[in-house]
Amino acid sequence: MIGFLVALAIASPAPDREAARFDRCGAGSRVTCVVDGDTFWYRGAKIRVADINTPEVGRPGCPREAALGQAATVRLTQLLNAGPFTLAPWTRERDRYGRLLRTVTRDGASLGAVLVREGLAETWQGRRGSWC
């Protein structure tokens, strides 16, 4: 029985400790808000969800990309607001724009993977894909 409990403790992810109320970023200061489907501000830090890429909302290439980008933004907001999460380091600390690169998980599962399964993101390939 003790061996089972030790194995269970080792296999269980650490408790998710990050939490906040997220809204869509507006024109004012950005402290805790969602920019788009793969970028958000959390406690004053700009974070890029490192394991995915989502359609652009700022300069979409076509109406389909614009619609998917809006849907991804709404969904990321919902996922972040659904409960505590963990920000895990990526292979690099920051991207070329200075954003922190992190995977976002809940109960050990990637929130980015949720967006991929729902068709609102693609797994990060090192470059942006086409949504048009």
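In this text, all values refer to a predicted model and were calculated from it rather than measured experimentally.

Peer 1: Could you give an account of helix H2 (residues 63-81), with specific residues and numbers?
Peer 2: End to end, H2 covers 27 Å across 19 residues, agreeing with the expected 27 Å (1.5 Å per residue, within 8%). Every buried residue of H2 is listed here: Glu-65, Leu-68, Gly-69, Ala-72, Thr-73, Leu-76, Thr-77, Leu-79 and Leu-80. Buried positions along H2 lie against strand E1 (23-24), strand E2 (33-36), strand E3 (39-42), strand E7 (100-106) and helix H3 (111-117).

Peer 1: I'd love a proper account of the nonpolar core, names of residues and values included.
Peer 2: With 21 residues, the main nonpolar core has Phe-22, Phe-40, Leu-80, Val-104 and Leu-115 as its most contacted residues. At the level of secondary structure, the elements contributing two or more residues to this core comprise E3, strand E4 (45-49), H2, E7 and H3. No other element matches H2, which puts 5 residues into this core. Sequence-distant contacts of Leu-80, defined by excluding residues within four places in its chain, comprise Ala-20, Phe-22, Val-34, Phe-40, Phe-85, Val-104, Arg-106 and Leu-111.

Peer 1: Lay out the state of the cysteines in plain terms, naming residues and giving numbers.
Peer 2: One pass over the structure, following the stated rule, counts 2 disulfides. In this model Cys-25 forms its disulfide with Cys-33; the gap between the sulfur atoms is 2.0 Å. Handedness of the Cys-25-Cys-33 disulfide follows from its S-S torsion of about 90 degrees: it is right-handed. With a relative accessible area of 13%, Cys-25 lands in the buried category. One disulfide bridge connects Cys-62 with Cys-132, the sulfur atoms lying 2.2 Å from each other. The sign of the -105 degrees torsion about the S-S bond sets the Cys-62-Cys-132 disulfide as left-handed. Residue Cys-62 is located in the loop between strand E5 (52-53) and H2, and its partner Cys-132 is located in the segment after strand E9 (122-123); the two are separated by 70 residues in the primary sequence. Classification of Cys-132 as exposed rests on a relative accessible area of 56%. In the chain, numbering the disulfide-bonded cysteines from first to last in sequence yields the connectivity 1-2, 3-4.

The rules behind the values
Residues numbered from 1 in each chain as written. Predicted model: local features only at pLDDT ≥ 70, side-chain atom pairs only at ≥ 80, totals over all residues. Heavy atoms only, no water. Helix = DSSP H or I, 4+ residues; strand = E, 2+ residues; numbered from the N terminus. Expected span 1.5 Å × (residues − 1). Buried < 20%, exposed > 50% of the residue type's maximum accessible area, 1.4 Å probe, protein only. Contact = heavy atoms within 4.5 Å. Core = buried A, V, L, I, M, F, W, Y, C linked by side-chain atoms within 4.5 Å. Disulfide = S-S within 2.5 Å.

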